[in-house]
Amino acid sequence: MIIVMKPGASREQINAVSERLVELGFKTHPIYGQEKTVIGAIGDKKALSSEAIINLPGVEKIVPIMKPYKLVSRELKDTPTIVRIGGVPVGGRGLVVMAGPCAVEGEEQLLEAARAVKAAGAQVLRGGAFKPRTSPYAFQGLEEKGLKMLARVREEVGLPFITEAVDTRDVPLVAEYADAIQIGARNMQNFRLLQEAGATGKPILLKRGLAATIEEWLMAAEYILDSGNPNVILCERGIRTFETSTRFTLDLAAIAVVKENSHLPVIVDPSHGTGSWRLVLPMARAAVAAGADGLIIEVHPDPARALCYGPQSLHPETFDRLMGELAPVALAVGRGLALNGLFPEQAGTLAAGK
Ligand code: PEP
Ligand code: MN
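Just so it is clear, the model here is predicted, and its values are computed rather than measured.

## As for the pattern of salt bridges
Part 1 of the reasoning: Going through the model one piece at a time under the given rule, you end up with 19 salt bridges.
Part 2 of the reasoning: Notably, a salt bridge pairs Asp-226 with Lys-27, separated by 2.9 Å at the nearest N-O pair. Note that Asp-226 is positioned in helix H7 (residues 214–226) and Lys-27 in strand E2 (residues 27–32), a separation of 199 residues in sequence.
Part 3 of the reasoning: Note that Lys-207 is salt-bridged to Asp-269, the shortest N-O span being 2.6 Å.

## Here's the deal with the packing of helix H6 (residues 191–199) against H7
Working note: a packed helix pair is described by the angle between its axes plus the distance between those axes.
Part 1 of the reasoning: At a minimum axis separation of 8 Å, H6 and H7 run at an interaxial angle of 40°. As the angle between them shows, H6 and H7 are arranged oblique. Here H6 and H7 pass one another in a crossing that is right-handed. On H7, the residues that touch Phe-191, Leu-194, Gln-195 and Gly-198 of H6 are Ala-220, Tyr-223 and Ile-224.

## As for the environment of Ala-185
Part 1 of the reasoning: Summarising the element assignment, Ala-185 is placed in the loop between strand E10 (180–183) and H6.
Part 2 of the reasoning: Note on Ala-185: relative accessible area 7%, which makes it buried.
Part 3 of the reasoning: C-alpha separation for the pair Ala-185 and Glu-143, spaced 42 residues apart in sequence, amounts to 19 Å.
Part 4 of the reasoning: What Ala-185 contacts, discounting residues up to four positions off in sequence, is Lys-207, Arg-208, Gly-209, Leu-210 and Arg-237.

## A word on the nonpolar core
The tendency in soluble globular proteins is for nonpolar side chains to be buried side by side.
Part 1 of the reasoning: With 77 residues, the main nonpolar core has Leu-206 and Phe-319 as its most contacted residues.
Part 2 of the reasoning: Here the element with the most residues in this core is H7; it accounts for 7 residues.
Part 3 of the reasoning: With residues up to four places along the chain from it excluded, the contact list for Phe-319 reads Val-97, Ala-99, Val-117, Ala-120, Ala-122, Ile-297, Val-299 and Leu-314.

## What to know about the site of ligand 1
Part 1 of the reasoning: Around ligand 1, a shell composed of 13 residues is seen, among which Arg-126, Lys-131, Ala-185, Arg-186 and Arg-237 lie nearest.
Part 2 of the reasoning: Between ligand 1 and His-272, the relevant distance is 3.2 Å, taken from an oxygen atom to a side-chain nitrogen or oxygen of the residue.
Part 3 of the reasoning: Contact with the protein chains removes 97% of the 290 Å² of surface that ligand 1 exposes when unbound.
Part 4 of the reasoning: Class assignment of the residues belonging to the shell around ligand 1 gives a composition of 3 nonpolar, 3 polar and 7 charged.

## A closer look at the coordination of the manganese ion (ligand 2)
Part 1 of the reasoning: Every protein donor of the manganese ion (ligand 2) is accounted for by Cys-102 (SG), His-272 (NE2) and Glu-298 (OE), and the metal-donor separations fall at 2.1 to 2.4 Å.
Part 2 of the reasoning: Coordination of the manganese ion (ligand 2) draws on donor residues from a single chain, spaced C-x169-H-x25-E in sequence. Of this pair, His-272 sits in helix H9 (residues 270–274) while Glu-298 sits in strand E14 (residues 294–298), and the two are 26 residues apart along the sequence. One exposure class covers both His-272 and Glu-298, and it is buried.

## Points about unusual backbone geometry
Part 1 of the reasoning: The backbone of Glu-143 shows a phi angle near 50°, a positive value even though the residue is not glycine.
Part 2 of the reasoning: Along the polypeptide, Glu-143 turns up in the loop between strand E8 (124–126) and helix H4 (144–157).
Part 3 of the reasoning: For Glu-143, a relative accessible area of 41% puts it in the partly exposed group.
Part 4 of the reasoning: Despite not being glycine, Tyr-309 has its phi angle at roughly 45°, a positive value.
Part 5 of the reasoning: Relative to the elements of secondary structure, Tyr-309 occurs in the loop between E14 and helix H11 (316–332).
Part 6 of the reasoning: The partly exposed category is assigned to Tyr-309, whose relative accessible area is 28%.

## Structural notes on the pairing of strand E3 (residues 37–42)
Side-chain direction in a regular strand flips from residue to residue, so the side chains alternate between the two faces of the sheet.
Part 1 of the reasoning: Counting buried positions along E3 gives 5 out of 6 residues, so the element sits mostly inside the fold.
Part 2 of the reasoning: Note that strand E1 (residues 2–5) and E3 share 3 bridges and pair antiparallel. Counterpart to Val-4 in the pairing with E3 is Val-38.
Part 3 of the reasoning: Note that E2 and E3 share 6 bridges and pair antiparallel.

## A short note on the environment of Glu-107
Part 1 of the reasoning: Relative to the assigned elements, Glu-107 resides in helix H3 (residues 107–120).
Part 2 of the reasoning: Glu-107 sits in the partly exposed class, given a relative accessible area of 30%.
Part 3 of the reasoning: Sequence separation between Glu-107 and Met-149 is 42 residues, and the spatial gap between their C-alpha atoms is 5.8 Å.
Part 4 of the reasoning: In this view, Glu-107 contacts Met-149, Arg-152 and Val-153; residues no more than four positions away in its chain are not counted.
Part 5 of the reasoning: For Glu-107, the side chain forms a polar contact with the side chain of Arg-152, separated by 2.6 Å.

## With respect to H6
Part 1 of the reasoning: Among the residues of H6, Leu-193, Leu-194, Ala-197 and Gly-198 are the ones counted as buried. Taken around the axis of H6, the buried residues stretch over an arc of 130°, which confines them to a single face. Every exposed residue of H6 that faces more than 90 degrees away from the buried side is listed here: Arg-192 and Ala-199.
Part 2 of the reasoning: Buried residues in H6 make contact with helix H5 (171–177), E10, strand E11 (204–207) and H7.
Part 3 of the reasoning: Positive backbone phi, at 80°, marks Gly-201, one or two positions downstream of H6.

How each quantity is defined
- Residues numbered from 1 in each chain as written.
- Chains lettered and ligands numbered in written order.
- Predicted model: local features only at pLDDT ≥ 70, side-chain atom pairs only at ≥ 80, totals over all residues.
- Heavy atoms only, no water.
- Salt bridge = Lys/Arg side-chain N within 4 Å of Asp/Glu carboxyl O.
- Helix = DSSP H or I, 4+ residues; strand = E, 2+ residues; numbered from the N terminus.
- Axes fitted to C-alpha atoms, helices over the stretch in contact; angles between N-to-C directions.
- Parallel < 35°, antiparallel > 145°, perpendicular 65-115°, else oblique.
- Left-handed = near helix turned anticlockwise from the far one by under 90°.
- Contact = heavy atoms within 4.5 Å.
- Buried < 20%, exposed > 50% of the residue type's maximum accessible area, 1.4 Å probe, protein only.
- Core = buried A, V, L, I, M, F, W, Y, C linked by side-chain atoms within 4.5 Å.
- Near = heavy atom within 4 Å.
- Polar contact = N/O pair within 3.5 Å; in protein donor to acceptor, adjacent residues only side chain to side chain.
- Areas by Shrake-Rupley, 256 points an atom, 1.4 Å probe, with all protein chains shown as cover.
- Nonpolar A, V, L, I, M, F, W, Y, C, P; charged D, E, K, R; others polar.
- Donors = N, O, S within 2.8 Å, 3.2 Å for Na, K, Ca; no water.
- Pairing = 2+ DSSP bridges.
- Arc of directions from axis to C-beta.

Now the structure itself:
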């Protein structure tokens, strides 16, 4: 349910309504808007006799939330949510590109990738220290050693980083180092992991499951918001279909569906979505044109020697070319793209010596 407060309702009135809702067994989520405050009340609506609330001072009306997901829905919050990863806003006007290797393989590899992606305009470094691999015999990641390398490279290069937690046991360690925690496609419905990662308060990048509907994906995001963490970024990374020409089928319509139904930012991973570096370029452009808030792209200094999915990794030079190709697309859809780490307006300010 959404309790809509009258314009100008006082903080005391809002608090009194929240307290009454809690007494009735609801979890409350006040959202303070410019003109009006609304209170999301999550719980059994049978416990809510509307007279108990509607007659309280400052209450305008009570509106049911029709969707099964509540806190992530646009019905509750119509303004886009902006999630900050180490100071980088995701979900605002600027398009955010996160890039780096699939897996952290060593400090030199990571440093080289980080320097290259930063120079091309990426604002967040990616790199897995814990890897969810299909085969138990494949490289599983450097674990804490990898996290330490990510932290050192962050200092050296000045990019915040995102890295995956594959299990609840890893969450405290990953949270100690990372600026944002990635929940992988294979874990999208690992509800305990969602709750534990959510409880750290860190920004969470929630990848869509390989065979998850958009509604299931949004319900998974609901777990994180319900754990008290509003900082969720959704990531479309391709789903399983009958198509075999690409590794997965990148569902770009999902961006528009998410934007229609949720206030959360949504980014696209064309690397996993296609499995082929050549296809990453056109699909990255398409994702931006379709309204994605950002991209996450695999870049490796030497893709042929990558320990993890070389064929879908871009060489740094190709990544630089991609960033150049994205700029006019971003502009065409009213988004700014940080080139060389700066948004165009910042670059203009610097050029003018201000
Ligand atoms: C990754 O980002 O390297 C990864 C394993 O992604 P996904 O969970 O989407 O397969
Ligand atoms: Mn990968």
